[in-house]
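# Structural characterization, general
Residues per chain are reported as follows:
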Amino acid sequence: MKHFINPSDVKNVQELVKAGLAQKANPLSHQHLGKNKTLGLLFFNSSLRTRLSTQKAAINLGMNVMVMNVGSDGWQLEFDENVIMNGNKAEHIKEAAPVIAQYCDIIGVRSFPSLTDKKADYEEQVLESFRKYAGVPIVNLESATRHPCQSLADLITIAELKKTARPKVVLTWAPHIRALPQAVGNSFAEWLNLTDYEFVIANPEGYDLAPEYAGKAKITHNQAEAFAGADFIYAKNWSSYKHYGQILPGNEDWIVSAEKMKLTNQAKFMHCLPVRRGLIVEDAVIDSADSVVIQQAGNRVWSVQAVLKEILEGM
Ligand code: CP
């Protein structure tokens, strides 16, 4: 694996899930791989899980880690070509990326979308500019449209917990007070579509994900219908793709409630975290024995460790 930006960078997703489980069983088995190698983590946006789990994974692999909040501590970066830089952006990615690459063997980048410019967001200008100009492997720590480290951890979690070969997995939209990216929903759909699981996406009218991400999933606007017989309920909010970046009125009743969970096949409750209790999910659900959100967050270490291991093996 050269980069880890989207699933097309992965040779075999099922093998990567197995590699994550193997790293979990034996976390220090490949400590030699990262010796004298440096991982740089660049955050344009906030993070708890991604920041700490990626550092932990790198330490397990024997790497050195440098972390920078580029969004608040760095020079503001220009990504457009052929511009006169007479505004507030002090450095161009054409210099910044190759400079960072002289200090780091692998670079992880987190950069959220604007939610105002659909074209620019979906072209992944920030991640693709790092890929283009850094010349070292790039790991996507959540970009404008995708969160592959999260999705791989989600597949690892489902693989650990599924009771049937082909579980019914439901991605359900849930309410939020802020306009959030589509990245987690997009990515979860994209990765689920690479399995043979039964996969349903439930969301209110106006919140359909981009078709290239929803793929072969069954899409319904009826949440109760989706929940019927489900083995996994994955809750997430996202702002509208069609009415780009907007929160549409209504839909507060899409909260994941204990009453709705009764429709399922005693489904496991999943969410990538952070989660707003009382908006996305009732306390009775997230505090129940069927909530696996902590295990899911723990698996973020093994997901990114499997990715870094494979990149290091190819260097
Ligand atoms: N799920 C996730 O990516 O969490 P953080 O935003 O805290 O990194």
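Rules of the game
- Residues numbered from 1 in each chain as written.
- Predicted model: local features only at pLDDT ≥ 70, side-chain atom pairs only at ≥ 80, totals over all residues.
- Heavy atoms only, no water.
- Pairing = 2+ DSSP bridges.
- Helix = DSSP H or I, 4+ residues; strand = E, 2+ residues; numbered from the N terminus.
- Axes fitted to C-alpha atoms, helices over the stretch in contact; angles between N-to-C directions.
- Contact = heavy atoms within 4.5 Å.
- Domains from an automatic or database assignment.
- Buried area = accessible area lost by both parts, 1.4 Å probe.
- Salt bridge = Lys/Arg side-chain N within 4 Å of Asp/Glu carboxyl O.
- Polar contact = N/O pair within 3.5 Å; in protein donor to acceptor, adjacent residues only side chain to side chain.
- Expected span 1.5 Å × (residues − 1).
- Buried < 20%, exposed > 50% of the residue type's maximum accessible area, 1.4 Å probe, protein only.

### Things to note about the sheet that holds strand 2 (residues 64-68)
Here we have 4 strands laid out as an open sheet, ordered 2-1-5-6, and parallel in their pairing. Here the strands that pair on one side only, and so sit at the sheet edges, are strand 2 and strand 6 (138-140). The mean inter-strand angle of the sheet, taken between neighbouring strand axes irrespective of direction, is 20°. Here strand 1 (residues 38-43) pairs with strand 5 (residues 106-110) via 5 bridges, running parallel. In the sheet register, Leu42 faces strand 5, and the bridge partner there is Val109. Against the sheet, helix 2 (residues 49-60) touches strand 1, strand 2 and strand 5, its axis set at about 175° to strand 1.

### Digging into the domain arrangement of the protein
Interface size is commonly expressed as the accessible area that is lost once the parts come together. You can read the domains of the protein as domain 1 (7-146 + 300-313) and domain 2 (149-297). Each partner contributes residues to the interface: domain 1 has 31 residues there, and domain 2 has 33 residues. Looking only at domain 1, the three residues that lose the most surface to domain 2 are Leu115, Tyr122 and Arg300, adding up to 28% of its buried area. Where domain 1 touches domain 2, the interface holds 2 salt bridges. The interface formed by domain 1 and domain 2 contains 12 residue pairs in polar contact (both at pLDDT 80 or more).

### So, helix 7 (residues 148-161)
Turn by turn, an α-helix covers 3.6 residues, leaving residues three or four places apart pointing in a common direction. For helix 7, spanning 14 residues, the distance from its first C-alpha to its last is 20 Å, which sits close to the expected 20 Å at 1.5 Å a residue. Extensive coverage of helix 7 is indicated by the burial of 12 of its 14 residues. Buried within helix 7 are the following residues: Pro148, Cys149, Gln150, Ser151, Leu152, Ala153, Asp154, Leu155, Ile156, Thr157, Ile158 and Leu161.

### Observations concerning the pattern of salt bridges
For the structure shown, the criterion picks out 14 salt bridges. Of the charged contacts in the structure, one is a salt bridge between Lys24 and Glu160, with a shortest N-O distance of 2.7 Å. Pair noted here: Lys24 is in helix 1 (residues 13-25) and Glu160 is in helix 7, with a separation of 136 residues, a long-range link. Accessibility expressed as a relative area gives 30% for Glu160, which makes it partly exposed. The salt bridge partner of Arg277 is Asp283, with a shortest N-O separation of 3.2 Å. We classify Asp283 as partly exposed; its relative accessible area is 41%. Within the structure, one salt-bridge network assembled from shared partners comprises Asp9, Glu128 and Arg131.

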